[in-house]
Amino acid sequence: MTTALTNLLDMDPAQLVAYCGELGEKPFRAKQLQRWIHQFGVSDFDQMTDLAKSLRDKLKTRAEVRAPAIISDHTSTDGTRKWLVDVGQGNAVETVFIPEENRGTLCVSTQAGCAVNCRFCSTGKQGFNRNLTVAEIIGQLWMAEFELRKTKGIEGGPKGERQITNVVMMGMGEPLYNFDHVKTAMLIASDGDGLSLSKRRITLSTSGVVPEIVRIGEETGVMLAISLHAVRDDLRDLLVPINKKYPLKELIAACKAYPGLSNARRITFEYVMLKGVNDSLEDARDLVKLLKGIPAKINLIPFNPWPGSKYECSDWETIEKFADFINDAGYASPIRTPRGRDILAACGQLKSESERMKKTDRLAFEAMMIANHGEE
């Protein structure tokens, strides 16, 4: 009977220390392992040359460093890169890298599918399959970072340099419904012996799992984003059904109590612009009232169509008027530039089946995208 190997990507720093102890090794070996795995992307224990040969031999028979396998890898015309990765049990998730001047942001999935089922989001339409493990979450970051290092840097710099400067838990799934695994993954990402990302460069986005909002801030110290999209309970009940369980009054109270909240650590409120649904100046006024007293930034997101969606993106003039009103009220309200639409990698488009779309459906969809957005 074959003994299953222990995936070291599943372990936070304390667990790795304990594991080394089980192998009869000193705690400093865990730090060495972390650096080899998370700073250098090494999965072959024989290449970890500062480890004693006896330890390497133990690890080869008992452990592994295994990230989700890449099923497909596509790069958009705007440089956005999307991987479909296999997380087993017939499930796949998508991971997206967005290169920008001076930074590179990785959008990570936390569940296979999603149980929240926001009406404008493609992911929710496939239903919920299961939570991802720590290794499957941090493995997306591990895989992407070392795939990206094979190419030129985010500003055209040499190969081998760090590519991912920011991580957002905004991919497939509701992160706070997978609290423990997401928490551990974020702590690994921010650990000084790992990739050592600043906690201010890690953002968790939730649709509003109110009981866990303050707790995630207390236990991780990362930045918070709220997938808001409506300023009245009746409309948010429709667009973001979790609002029926945790209405706006409770959500806003949790935001005001978020640990470390200040002008330097603002909450980002995400607001998708849906034509004729939530894009009036009255909505803008109500949004300002709703967020009064919260240090906040409001990200306006032009709706990104996907096959079968019934919503349309607000007209650009409407979005700009909405943004101007919010800016005049004292809130930063950048309009998010759609990225990766041509490979279904933009906000709200992630879905594991998207890579398997029939070619005829794909071509028809891309033709529709060009017709609708050719002037952008």
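In short, a report on the structure.

1. Quick word on the environment of S262
Topologically, S262 is positioned in the loop between α8 (248-256) and β12 (267-273). Note: C-alpha distance between S262 and A296 (34 residues apart in sequence) is 8.7 Å.

2. Focus: the packing of aromatic side chains
Inspection of every chain in the model, using the stated rule, returns four aromatic pairs. On the basis of an interplanar angle of 80 degrees and a centroid distance of 6.4 Å, the ring pair of F303 and Y311 is categorised as edge-to-face. Exposure class is identical for F303 and Y311. Each is buried. Across from the ring centre of F179, 3.7 Å away, lies the NZ or CZ of R215, which sits over that ring.

3. Some remarks on the packing of helix α6 (residues 210-220) against α8
It is at 9 Å that the axes of α6 and α8 come closest, and there the two elements cross at 5 degrees. As summarised for this structure, α6 and α8 are arranged roughly parallel, according to the angle between their axes. For the pair formed by α6 and α8, the contact residues are V210, I213 and V214 on the first element and E250, L251 and A254 on the second. The residue makeup of the contact of α6 with α8, split by class, is five nonpolar, no polar and one charged.

4. Considering the pattern of salt bridges
Taken as a whole and judged by the stated rule, the model has 23 salt bridges. Here K53 and D57 are joined by a salt bridge, their closest N and O atoms 3.0 Å apart. Placement of both K53 and D57 in helix α3 (residues 53-62) is noted, with a separation of four residues, approximately one turn of the helix. Since its relative accessible area comes to 55%, K53 is described here as exposed. Residue K150 pairs with E147 through a salt bridge whose shortest N-O separation is 2.9 Å. Take K150: its relative accessible area is 52%, and that puts it in the exposed class. Each member of the salt-bridge network shares a partner with another, and the members are D180, K183, E212, R215 and E219.

5. Re the sheet that holds strand β5 (residues 91-100)
Here nine strands make up an open sheet; going across it, the order is β3-β4-β5-β6-β9-β10-β11-β12-β13 and the pairing mixed. With one partner strand each, in any of the chains shown, β3 (69-75) and β13 (296-302) form the two edges of the open sheet. Neighbouring strand axes in the sheet, compared pairwise and without regard to direction, differ in orientation by 20 degrees on average. Two elements, strand β9 (residues 166-169) and strand β10 (residues 202-206), share three bridges in a ladder whose sense is parallel. Looking at the pairing, M169 lines up with L204 of β10. Contacts from helix α4 (residues 134-148) reach β3, β4 (81-88), β5, β6 (103-107) and β9 within the one sheet, and its direction differs from that of β4 by about 140 degrees. Here helix α5 (residues 179-190) sits on the sheet and contacts β9 and β10; the angle it forms with β10, its principal contact strand, is near 165 degrees.

6. Thoughts on the environment of Q32
Take Q32: it is sitting in helix α2 (residues 28-39). The exposure class of Q32 is buried, given its relative accessible area of 9%. Spatially, the C-alpha atoms of Q32 and M48 are 8.5 Å apart, while their sequence positions differ by 16 residues. Not counting residues up to four positions away in its chain, the partners in contact with Q32 are D50 and L51.

7. So, the pairing of β4
Within β4, six of the eight residues are buried, which leaves it mostly tucked inside the rest of the structure. Taken together, the six bridges between β3 and β4 define a ladder with antiparallel strand orientation. Pairing of S72 across the sheet is with L84, part of β4. If you look at the hairpin formed by β3 and β4, you'll find five residues sitting between the two strands, and G79 has a positive phi there, around 95 degrees. When β4 meets β5, the two strands line up antiparallel, connected through seven bridges. Considered in β5, the bridge of W83 is made with T95.

8. Points about the environment of N178
Mapping N178 onto the fold places it in the loop between β9 and α5. By relative accessible area, which is 4% here, N178 ends up buried. Not counting residues up to four positions away in its chain, the partners in contact with N178 are T110, Q111, N131, L132 and I137. Separated by 2.9 Å, the side chain of N178 and the backbone oxygen of L132 make a polar contact.

9. Topic: the pairing of β6
Summarising burial for β6: four of the five residues are buried, a large majority. In terms of strand pairing, β5 meets β6 through five bridges, oriented antiparallel. Bridge assignment links V96 to a residue of β6, and that residue is C107. In this antiparallel pair of consecutive strands, β5 and β6, the connection spans two residues, and N102 shows a positive phi of 75 degrees.

10. Digging into unusual backbone geometry
Unusually for a residue other than glycine, N102 sits at a positive phi of about 75 degrees. As for its position among the elements, N102 is in the loop between β5 and β6. Of note in this structure, S196 is not a glycine but carries a positive phi near 60 degrees. Its location among the elements puts S196 in the loop between α5 and β10. Its relative accessible area of 37% is what places S196 among the partly exposed residues.

Rules and cut-offs
- Residues numbered from 1 in each chain as written.
- Predicted model: local features only at pLDDT ≥ 70, side-chain atom pairs only at ≥ 80, totals over all residues.
- Heavy atoms only, no water.
- Helix = DSSP H or I, 4+ residues; strand = E, 2+ residues; numbered from the N terminus.
- Phe/Tyr/Trp six-rings, centres within 6.5 Å; stacked < 30°, edge-to-face > 60°.
- Buried < 20%, exposed > 50% of the residue type's maximum accessible area, 1.4 Å probe, protein only.
- Lys NZ or Arg CZ within 6 Å of the ring centre and 35° of its normal.
- Axes fitted to C-alpha atoms, helices over the stretch in contact; angles between N-to-C directions.
- Parallel < 35°, antiparallel > 145°, perpendicular 65-115°, else oblique.
- Contact = heavy atoms within 4.5 Å.
- Nonpolar A, V, L, I, M, F, W, Y, C, P; charged D, E, K, R; others polar.
- Salt bridge = Lys/Arg side-chain N within 4 Å of Asp/Glu carboxyl O.
- Pairing = 2+ DSSP bridges.
- Polar contact = N/O pair within 3.5 Å; in protein donor to acceptor, adjacent residues only side chain to side chain.

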